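# Structure at a glance
Here is what each chain is made of, one letter per residue.
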Amino acid sequence: MDVFGDLHRESEELDALVAELTEERWALATPAAGWTIAHQIAHLAWTDRAALLAVTDQEAFAREVEKALAAPDRFVDDGAEEGAAGPPARILADWRAGRQALAEALRAAPAGARFPWYGPPMSAASMATARLMETWAHGQDVADALGVTRAPTDRIRHIAWLGTRTRDFAFGVHGLPAPTEPVRVELTGPSGESWAYGPEDAPQRVTGPALDFCLLVTRRAHRADLALHAYGPDADRWLDIAQAFAGPPGSGRPPEGSAR
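Criteria and cut-off values
Residues numbered from 1 in each chain as written. Predicted model: local features only at pLDDT ≥ 70, side-chain atom pairs only at ≥ 80, totals over all residues. Heavy atoms only, no water. Pairing = 2+ DSSP bridges. Helix = DSSP H or I, 4+ residues; strand = E, 2+ residues; numbered from the N terminus. Axes fitted to C-alpha atoms, helices over the stretch in contact; angles between N-to-C directions. Contact = heavy atoms within 4.5 Å. Buried < 20%, exposed > 50% of the residue type's maximum accessible area, 1.4 Å probe, protein only. Arc of directions from axis to C-beta. Salt bridge = Lys/Arg side-chain N within 4 Å of Asp/Glu carboxyl O. Parallel < 35°, antiparallel > 145°, perpendicular 65-115°, else oblique. Nonpolar A, V, L, I, M, F, W, Y, C, P; charged D, E, K, R; others polar.

To continue, consider the sheet that holds strand S3 (residues 183–188). Overall, mixed pairing links the four strands, which are arranged S4-S3-S5-S6 in an open sheet. The open sheet has two free edges, formed respectively by strand S4 (194–197) and strand S6 (229–231), since each of these has just one partner strand. Taken pair by pair, the neighbouring strands of this sheet meet at an average axis angle of 10 degrees, ignoring direction. As paired strands, S3 and S4 are joined by four bridges and run antiparallel to one another. Considered in S4, the bridge of Thr188 is made with Ser194. Strands S3, S4 and strand S5 (204–209) of the sheet are contacted by helix H10 (residues 210–217), whose axis makes an angle of about 110 degrees with S5. Most of the contacts of helix H11 (residues 233–241) go to S5, to which it runs at about 45 degrees, and overall it touches S3, S5 and S6.

The structure is reproduced here in structure tokens:
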């Protein structure tokens, strides 16, 4: 699958959601506490700039990592807050320019090159996958704020793959030892296609809709509201803490109908 093309298409879909919004609607609250739609798009622009530095100027990116280490609980919120302070037209223009520059840099990256990140180093394709995951996840926040239901596409296959690859990371970020047994993940994509990850004879499994799995690993929905099934103790614990993005897990979404 063309992750670079899918990242472009995912970005364009979110762009279409926000491009014609009034300033008042840019100020709508999203499910992320304290974040408006402006914060969501500003965050994507901020992260694209960081990714571009990682690809093109690793010394400058190392300085950004030092800032993150100095304020691990605030640096993401601070970046979004700073970006969201500008007018919506500038936020949108910055995001468009930044994502285009990053796309060009990733496509031009030498084969086999790996780039630093806030988590493990990544290849160009993995960086694009992570950007698609974030674009889709923050796009979900925007859609929720606008009361829009997005039709899922098979582009989320990249997110599902990343969600399975980050299983051990999710345990680590919660201070837990990684499981020693593999877990088989069997998902049904939006088009009805079956996607499977992990050994077929693995003793533990996760099954369900790919959309639900992607909502879970991006922490955009609570497990209780999703049609995912775990078979085995490690698989069950994983679904409680799954996380496909770098950084602290945050509080996640409460179950639907619970007090917020």
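In this section: the pairing of S5. Where S3 and S5 come together, six bridges link them in parallel fashion. Each bridged residue has a counterpart across the sheet, and for Val185 the counterpart in S5 is Val206. The sheet contact formed by S5 and S6 spans three bridges and is antiparallel. Looking at the pairing, Arg205 lines up with Tyr231 of S6.

With that settled, the discussion passes to unusual backbone geometry. Here Arg219, not a glycine, exhibits a phi torsion of approximately 60 degrees, which is positive. Here Arg219 shows up in the loop between H10 and S6. Among the residues examined, Arg219 registers a relative accessible area of 17% and is labelled buried.

Along S4, the buried face is formed by Trp195 and Tyr197; none of Ser194 and Ala196, which line the opposite face, is buried. Counting the residues that bridge the hairpin from S3 to S4 gives five residues, and of these Gly192 lies at a positive phi of roughly 95 degrees.

The next thing to look at is the environment of Asp6. Turning to its location among the elements, Asp6 is positioned in helix H1 (residues 3–18). The spacing of Asp6 and Ala128 is 122 residues in sequence and 9.1 Å in space, taken between C-alpha atoms.

What follows is about helix H5 (residues 75–84). Of all the positions in H5, only Phe75, Gly79, Ala80 and Ala84 are classed as buried. Taken around the axis of H5, the buried residues stretch over an arc of 165 degrees, which confines them to a single face. Close packing links the buried residues of H5 with helix H3 (37–56), helix H4 (58–70) and helix H6 (88–108).

Another point: the pattern of salt bridges. Across all of its chains, the model carries 21 salt bridges by this definition. Arg155 is the partner of Glu10 in a salt bridge, and the nearest nitrogen-oxygen pair spans 2.7 Å. Of the two residues, Glu10 is situated in helix H1 and Arg155 in the loop between helix H7 (124–146) and helix H8 (157–165); the sequence distance between them amounts to 145 residues. The class of Glu10 is buried, set by a relative accessible area of 2%. Judged by relative accessible area, which is 12%, Arg155 ranks as buried. By sharing partners, the salt bridges in this structure join Glu10, Glu13, Arg150 and Arg155 into a single network.

Attention now moves to the packing of H7 against H8. Following both chains from N to C, one finds H7 and H8 inclined at 110 degrees, their axes separated by 9 Å at the closest point. The orientation of H7 relative to H8 falls into the category roughly perpendicular. Of H8, the residues touching H7 (which contributes Ser126, Thr129, Ala130, Leu132, Met133 and Trp136) are His158, Ile159, Trp161 and Leu162. Grouping the constituent residues of the contact of H7 with H8 by class yields seven nonpolar, three polar and no charged.

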